[in-house]
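# Observations on the three-dimensional arrangement
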Amino acid sequence: MKKERGKKKKSSLRFLRYKNLTQELARYGYEFTHKKAMISYGIIVLLAVIFGLLYKLQLPYIAAIGIIGVAFSPLVLIQTMKGIGRHFLLSI
């Protein structure tokens, strides 16, 4: 017998592309504009720099924290929108 293959799970890395992220967020009724994206990424980098300097980290470590923060922010945003959508449906 052949084993049935399920659908491959799509990679989360696709959300690093702005177009894919906006399409996914539109499914939850959220409009993610270029301005909002730049503001959120800027805040993440700014926080990485502030905390890096506060803890006296070297520049490569501060940069790594900023890059990791920017890479994971789309996933956090999507999970937040999913949670808001579920909360909204349960409150009706």
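That block above? That's the structure.
The following paragraphs examine the structure supplied in this document. Everything numeric here is computed off the predicted structure, so don't read it as measured data.

Looking only at helices and strands, the chain features 3 helices and 0 strands. Starting at the N terminus and walking to the C terminus, you meet the elements of the chain as α-α-α. The long-range fraction of contacts in the chain, counting pairs at least 24 apart against all pairs at least 6 apart in sequence, stands at 54%.

Look at Lys 56: it is not a glycine, yet its phi comes out positive at around 55°. Among the secondary structure elements, Lys 56 is positioned in the loop between α2 (34-54) and α3 (59-91).

A separate point is the side chain of Glu 24. Tracing the chain through its elements places Glu 24 in helix α1 (residues 18-26). What makes Glu 24 buried here is its relative accessible area of 11%. Look past the residues within four positions of Glu 24 in its chain and what remains in contact with it is Phe 15 and Ile 78.

Phe 15, Leu 21, Leu 25, Phe 32, Ala 37, Tyr 41, Ile 78 and Met 81 form the largest nonpolar core, which has 8 residues in total. Every element with two or more residues in this core is listed here: α1, α2 and α3. Sequence-distant contacts of Ile 78, that is, excluding residues within four places in its chain, are made with Phe 15, Leu 21, Glu 24, Leu 25 and Tyr 28.

What follows concerns the pattern of salt bridges. A side chain with one charge may pair with a side chain of the opposite charge, provided their charged atoms come close. By the definition in use, this model includes 1 salt bridge. In this structure, Glu 24 and Arg 27 form a salt bridge, with 3.1 Å as the shortest nitrogen-oxygen distance. Judged by its relative accessible area of 61%, Arg 27 falls in the exposed class.

What counts, and where the lines are drawn
Residues numbered from 1 in each chain as written. Predicted model: local features only at pLDDT ≥ 70, side-chain atom pairs only at ≥ 80, totals over all residues. Heavy atoms only, no water. Helix = DSSP H or I, 4+ residues; strand = E, 2+ residues; numbered from the N terminus. Contact = heavy atoms within 4.5 Å. Buried < 20%, exposed > 50% of the residue type's maximum accessible area, 1.4 Å probe, protein only. Core = buried A, V, L, I, M, F, W, Y, C linked by side-chain atoms within 4.5 Å. Salt bridge = Lys/Arg side-chain N within 4 Å of Asp/Glu carboxyl O.

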